[in-house]
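Observations on the three-dimensional arrangement
Chain by chain, the residues run as shown.
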Amino acid sequence: MTLVLVGSPSGSLAQSAPEAAPAAAAGASAAPKSKTQTTITEAKKALGSITARSNAQGVDDMQLAELKAQADDLVTRLSEHLGSLKQRLDQINARVKELGEPPQDGQPPEAAVVTEERSRLAAERGELTAFSSELGQISNGAKELSAKITEQRRRLFSDVLLKHTDLSWGMLADAGSTFWHEVDTFQETMASWLSFAWKFKKLQLVGAVFLSIGAALFFLAGGYRMLGKMVKRDPAIDNPPYITRLSFAFWSLVLQTFSLSAFMLATFFFMDSFGVLRPDIRPLVGTFLGFIWVVVFVARLSYLVLGPEHPHWRLIRLSNRGAKVLFWLILAMALINGLDFALTEVSEALNSPVVLSIAKSLIASVLIGVILLAMSFLKPVLAEDRDPDAPGRSWPRGFPLALRALGIALLLAALSGYVGLARFFSTQIVLTGALVATGYIGILSGKAVGKQGAFASTSVGKYVAVRFKSNEIILDQIGLVAGLSIYAFSVIIVVPVILLTWGFQTQDIKAAAIRLLTQISIGNINISLIGILVGVLLFMVGYLVTRFAQRWIDRNVMARSQVDAGVRNSVKTGIGYLGMGLAVVIGVSAAGIDLSSLALVASALSVGIGFGLQNIVSNFVSGLILLVERPFKVGDHIITGTTEGIVKRISVRATEIETFRKQSIIVPNSDLINAAVGNWTHRNRMQRSEIPVGVAYGTDPRRVIELLLELAGAVPQILRNPEPHVEFLRFGASSLDFELRFHVADISDGMNIRNALRAEILRRFEEEGIEIPYTKQDINVHGTLYTMRAPASEKEKQYEPKDVHDREAGEAPAS
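Here is a short report on the structure shown in this document. Because the structure is a prediction, the values reported are computed rather than measured.

Quick notes on the overall build of the chain
The helix and strand inventory of the chain stands at 22 helices and twelve strands. A buried classification covers 36% of the 815 residues belonging to the chain. Long-range contacts, defined here as pairs at least 24 residues apart, represent 69% of the contacts in the chain between residues at least 6 apart. Carbon and sulfur atoms provide 62% of the accessible area of the chain, an area that totals close to 49,000 Å².

Here's what the structure looks like:
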């Protein structure tokens, strides 16, 4: 509902249109009032209809589930309408607060338009309050009705399960005689329908059958083409890995089950759509198709898991004899339970006495209980030597006891007269057991596929590796995603079907799924899984758009405009920050998270962030300052502390500097802001270079200066403004010291120019006879030298002092 706030935001504006405002207000409020009244009328009518239908005689569980869904939907719609009314009431209260209190006695009177607006708002507020109260009462009534229907369904379910029947031989005899009458009736009904279909609906019948077969073949052929080797046994593999066996069992079961389901549903749909099924035949055909589906599903599942004819593809460690016996016992339970279900539906369709359905369920429950007891005494486990043909061992401890407890419980429940309870649990043992086994196989398959390195060894992994040239890391990540997907697929397929077998209706599962996906309440917080998923997708889209914008602007705008590399990096980084911030805000808003709540949390954590993350925040702010002020940029040659090199990247937390030895040094941004930084290329890349030169005493200094300036002028890379200059520095200890100073346009050219100039200076000095002297140093040694002569004996050595000036010829001085 759209509600419009009427009235100008200030008294002065209200006085500028004293006649138009009331008229506009009246027209704007009339439509919401009329819509609210219509909503109240329709809600009362819907609530009365649901109440009457729920109280009707003979209403079944499916109808009650539908009525509960309608009541819950009514509550949702009324809640939305109440929210709109509350929003309008908040607007009115805010406007009344702006207008202020009416003037008291003795105060100057207010404008007439203000008084009129206040009165109108008060009247509208009273009407909306009344509407809200009435809608709230209807909503509470719908909630109470929903709870009542839930209790009614629970009571109906328990009455069916816990209904007691007095068993006697007379009842069984009556059931026997009724059974043969039902058989005759069934034969007559089916013969009549087949005759009718063949005479009057032959074309439609044949068309329905062919279309059904086509639907099944479509699923089957498409599945085999898509899954390939995953649903085929490779005879060349003698002992296939467990992951291969799991994958084959799971996907074969899923593919064949879907194909069978497609055939069954298509058969029933086309035959019903083409008018082949009569009203009295429709439930019988549906029951027959359901019976076939259950038996085939359980048989196929048991065959894949137990592998009675394929020991190497068996998923459970059983002996050959144990696998075959278990397969036939499980198949027998499925046949018995399916026949019980089918024959009971036939009895209801043919209006047979209830005693016949009770007798069928009694026999089926007793037989299933006996089969469970027989299973508990088997010894099917594989022998210790792992020879499948050897006699097996007993079940693991505890398992036989569980089977006997189930079998005895079924027998006691059936023979004591609680046939409905026994029938329900016997059905759950067969169907729920099969579904749980299917889901468990799926989970094991997902776990095996998601194991590190497992996906690369599968046929799909090998295909992906060859087709897309993926490495081991990518294949491992794909395997992890595939494993999680198999988990989700198993749960989504198995859980709803299990809920259906336990008495839940489709409406219950649908409503639960909608609540799970759209509204999960945790205290006062409502979380929507769909909203979160949409938020994540929007964030990913924003991230990708940001990256695309960064690359496009950098390559197509700034690069073509020959913008400096540092400016390009700053603009690119700024666009990244802005885009990521917008993507986060949009994603969080789409996920349904209240940003005001996040603001409260952020304010509460601000103190902790200030103390615990102050260095990170300082580096972040420093990074922003570096990007904005740009004391240096990417590509600059800087010196900070003991670090000198080229700036490679300026990020949020730190700056990367590459030294001339190709070592990357990560410097926190705050250190660069708070410390002195030398930048060789801050304003431009021009640099002054110096070459010191020393010549021997006696050389003409004017000639040396002329030669150095001549050599510098011959180099085209040396700038003429400022011009080269030679400085006569000092009279050195062994040379006259000069220094050639010149400027180059690019600092990166300085090293090559200096090297070339040094070589040229050396060559010209040799041509001119100018000597570059060695460093001279006079050393005067004062003291006593010791010479060693042969000792008088081998055990002693004698040293004699001798003055340095009396050394014998050829005797080496002491060092």
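Resuming the write-up.
Description of the sheet that holds strand E9 (residues 725-731)
In any sheet, the strands associate via hydrogen bonds between backbone groups, in a parallel or an antiparallel arrangement. Reading across from one edge, E8-E10-E9 is the order of the three strands in this open sheet, with antiparallel pairing throughout. The sheet is open, and its two borders are formed by strand E8 (687-695) and E9, each paired with just one other strand. The mean inter-strand angle of the sheet, taken between neighbouring strand axes irrespective of direction, is 25°. Both E8 and strand E10 (residues 736-744) contribute to a ladder of nine bridges, which runs antiparallel. In the strand pairing of E10, Glu690 is matched with Arg741. Its contacts with the sheet place helix H21 (residues 701-713) against E8, E9 and E10, and it is angled at close to 20° to E10. Helix H22 (residues 750-768) rests against E8 and E10 of the sheet, and its axis sits at about 25° to E8.

Observations concerning the packing of helix H10 (residues 354-376) against helix H12 (residues 419-450)
Axis separation between H10 and H12 bottoms out at 9 Å; the angle between their running directions is 50°. Accordingly, the angle class assigned to the pair H10 and H12 is oblique. In this structure, H10 crosses over H12, and the sense of that crossing is left-handed. Across from Ile358, Ser361, Leu362, Ser365, Ile368 and Leu372 in H10, the residues of H12 making contact are Val419, Ala422, Arg423, Ser426 and Ile429. Considering only residue class, the contact of H10 with H12 consists of seven nonpolar, three polar and one charged.

Quick notes on the pattern of salt bridges
Taken as a whole, this structure holds 27 salt bridges when the rule is applied. The shortest N-O distance in the salt bridge between Arg703 and Glu706 comes to 3.5 Å. Remark: Glu706 and Arg703 occur in helix H21; sequence separation between them is three residues, near one turn of the helix. When its relative accessible area of 47% is taken as the criterion, Glu706 is described as partly exposed. The shortest N-O distance in the salt bridge between Arg741 and Glu739 comes to 2.5 Å. Assessed through its relative accessible area of 23%, Arg741 is described here as partly exposed. A relative accessible area of 15% means that Glu739 is categorised as buried. Where salt bridges share partners, they join Arg703, Glu706, Glu710, Glu760, Arg763, Arg764, Glu767 and Glu768 into one cluster.

Here we look at the nonpolar core
Within the largest apolar cluster, 63 residues are counted, with the highest numbers of intra-cluster contacts made by Val298, Leu306, Leu326, Met333, Leu372, Met375 and Ile441. At eleven residues, helix H8 (residues 282-306) tops the list of elements feeding residues into this core. With residues up to four places along the chain from it excluded, the contact list for Ile441 reads Leu246, Phe250, Leu301, Val305 and Leu315. Judged by nonpolar contacts, the second largest core, of 25 residues, contains Ile40, Leu128, Phe131 and Ile138.

Looking at unusual backbone geometry
Looking along the chain, the bond that leaves Asn721 and enters Pro722 is cis, with omega of 0°. Position of Pro722 relative to the elements: it lies in the loop between H21 and E9. Of note, Lys469 is a non-glycine position whose phi angle comes to about 55°, a positive value. Topologically, Lys469 is positioned in the loop between helix H13 (459-468) and helix H14 (472-501). Overall, Lys469 belongs to the exposed group, its relative accessible area being 73%.

A few points about helix H11 (residues 399-415)
Here H11 contains 17 residues, and its C-alpha end-to-end distance of 24 Å stays within 8% of the 24 Å for a straight helix at 1.5 Å per residue. All of the buried residues along H11 are Pro400, Leu403, Gly407, Leu410, Leu411, Ala413 and Ala414. Tucked into the core, H11 has its buried residues touching H10 and H12. Gly417 occupies a position one or two residues after H11 and carries a positive phi of about 105°.

Observations concerning the sheet that holds strand E6 (residues 664-668)
If you trace the five strands from one edge of the open sheet to the other, you get E6-E5-E4-E3-E7, paired in antiparallel fashion. Looking at which strands have only one partner, the edges of the open sheet turn out to be E6 and strand E7 (678-679). Here two bridges tie strand E3 (residues 637-640) to E7, and the two strands are oriented antiparallel to one another. If you follow Ile638 over to E7, its bridge partner there is Asn679.

Re the environment of Thr76
Within the element layout of this structure, Thr76 appears in helix H3 (residues 61-99). The exposure class of Thr76 is partly exposed, given its relative accessible area of 42%. Placed 66 residues apart in sequence, Thr76 and Ala142 show a C-alpha to C-alpha distance of 9.9 Å.

Topic: a positive patch on the surface
Together, Arg547, Arg551, Arg555 and Lys572 line one region of the surface with positive charge. Take the positive patch: its biggest share by element is three residues, from helix H16 (residues 529-558). Among the secondary structure elements, Arg551 is positioned in helix H16.

Here's the deal with the packing of H8 against H12
Two elements in contact, H8 and H12, have axes separated by 10 Å at closest approach and are oriented at 45°. Classified by the angle between their axes, H8 and H12 sit oblique to one another. Crossing handedness for the pair H8 and H12: left-handed. Contact residues: H8 offers Val294, Phe297, Val298, Leu301 and Val305, while H12 offers Val430, Leu431, Ala434, Leu435, Ala437, Thr438 and Ile441. Counted by class, the contact of H8 with H12 contains eleven nonpolar, one polar and no charged residues.

Observations concerning a negative patch on the surface
Together, Glu384, Asp385, Asp387 and Asp389 give the surface a local cluster of negative charge. Within the secondary structure layout, Asp387 lies in the loop between H10 and H11. When its relative accessible area of 33% is taken as the criterion, Asp387 is described as partly exposed.

Side note on the packing of aromatic side chains
Overall, the coordinates contain 16 aromatic pairs when judged by the stated rule. Ring centres 5.9 Å apart and planes at 70° place the aromatic pair Tyr303 and Phe327 in the edge-to-face group. In this pair, Tyr303 is assigned in helix H8 and Phe327 in helix H9 (residues 320-349), connecting sequence segments 24 residues apart. With a relative accessible area of 10%, Phe327 lands in the buried category. For the ring pair Phe424 and Trp502, a centre distance of 5.3 Å and an interplane angle of 85° mean the geometry is edge-to-face.

Things to note about the pairing of E3
A regular strand places its side chains so that they alternate between the two faces of the sheet. Sheet topology places E3 next to strand E4 (residues 643-650); four bridges connect them, and they run antiparallel. The residue bridging His637 from the neighbouring strand is Ile646, located in E4. As consecutive antiparallel partners, E3 and E4 are separated by two residues, and within that stretch Gly641 has a phi angle of approximately 65°, a positive value.

Focus on a nonpolar patch on the surface
Residues Leu516, Leu529, Ile532, Leu533, Val536, Leu537 and Met540 make up a contiguous nonpolar surface patch of about 600 Å² in total accessible area. In terms of residue count, H16 provides more of the nonpolar patch than any other element does, six residues in total. In this structure, Leu537 sits in helix H16. Accessibility expressed as a relative area gives 45% for Leu537, which makes it partly exposed.

Cut-offs used in this document
Sequence order as written defines residue numbering, which begins from 1 separately in each chain. Restriction of local features to residues with pLDDT of at least 70 applies here, the model being predicted, together with a cutoff of 80 or more for giving and counting side-chain atom pairs; totals for whole chains, interfaces and linings are based on all residues. Computation of side-chain values covers all heavy atoms of the structure but excludes hydrogens and water. Strands here are runs of E lasting at least two residues and helices are runs of H or I lasting at least four, both read from the DSSP assignment and numbered beginning at the N terminus. Burial classes: relative accessible area under 20% of the type maximum marks a residue as buried, over 50% as exposed, and values in between as partly exposed (1.4 Å probe, protein chains only). In this description, contact between two residues means that some pair of their heavy atoms is separated by no more than 4.5 Å. To measure how exposed things are, a 1.4 Å probe is used in the Shrake-Rupley method; for residues, cover is taken only from the protein chains shown. For two strands to be treated as a pair, DSSP must find at least two bridges joining them. Axes here mean lines fitted to C-alpha atoms, for a helix over just the part in contact, with angles spanning 0 to 180 degrees between N-to-C directions. In this scheme, roughly parallel covers angles under 35 degrees and roughly antiparallel covers those over 145, while 65 to 115 is roughly perpendicular and the rest are oblique. Crossing handedness is defined as follows: a turn of the near helix away from the far one that is anticlockwise and smaller than a right angle gives a left-handed crossing, while the clockwise case is right-handed. We call Asp, Glu, Lys and Arg charged. Ala, Val, Leu, Ile, Met, Phe, Trp, Tyr, Cys and Pro are nonpolar, and the rest, Gly among them, are polar. Salt bridges are counted wherever a side-chain nitrogen of Lys or Arg sits within 4 Å of a carboxyl oxygen of Asp or Glu. Only buried residues count toward a nonpolar core, which is a set of Ala, Val, Leu, Ile, Met, Phe, Trp, Tyr and Cys residues joined through side-chain atoms within 4.5 Å. For a helix, the expected span equals 1.5 Å multiplied by the residue count minus one. Patch members must show over 30% relative accessible area and no salt bridge, and they are joined within 9 Å when carrying like charges or within 5 Å when they are nonpolar side chains of Val, Leu, Ile, Met, Phe, Trp or Tyr. We treat Lys and Arg as the positive residues and Asp and Glu as the negative residues; His and chain ends play no part in the count. Throughout, a charge is located at the NZ atom of Lys, the CZ atom of Arg, the CG atom of Asp or the CD atom of Glu. Think of it this way: a Phe, Tyr or Trp ring, Trp meaning its six-membered ring, pairs with another when their centres are within 6.5 Å, and the plane angle makes it stacked under 30 degrees, edge-to-face over 60, tilted otherwise.

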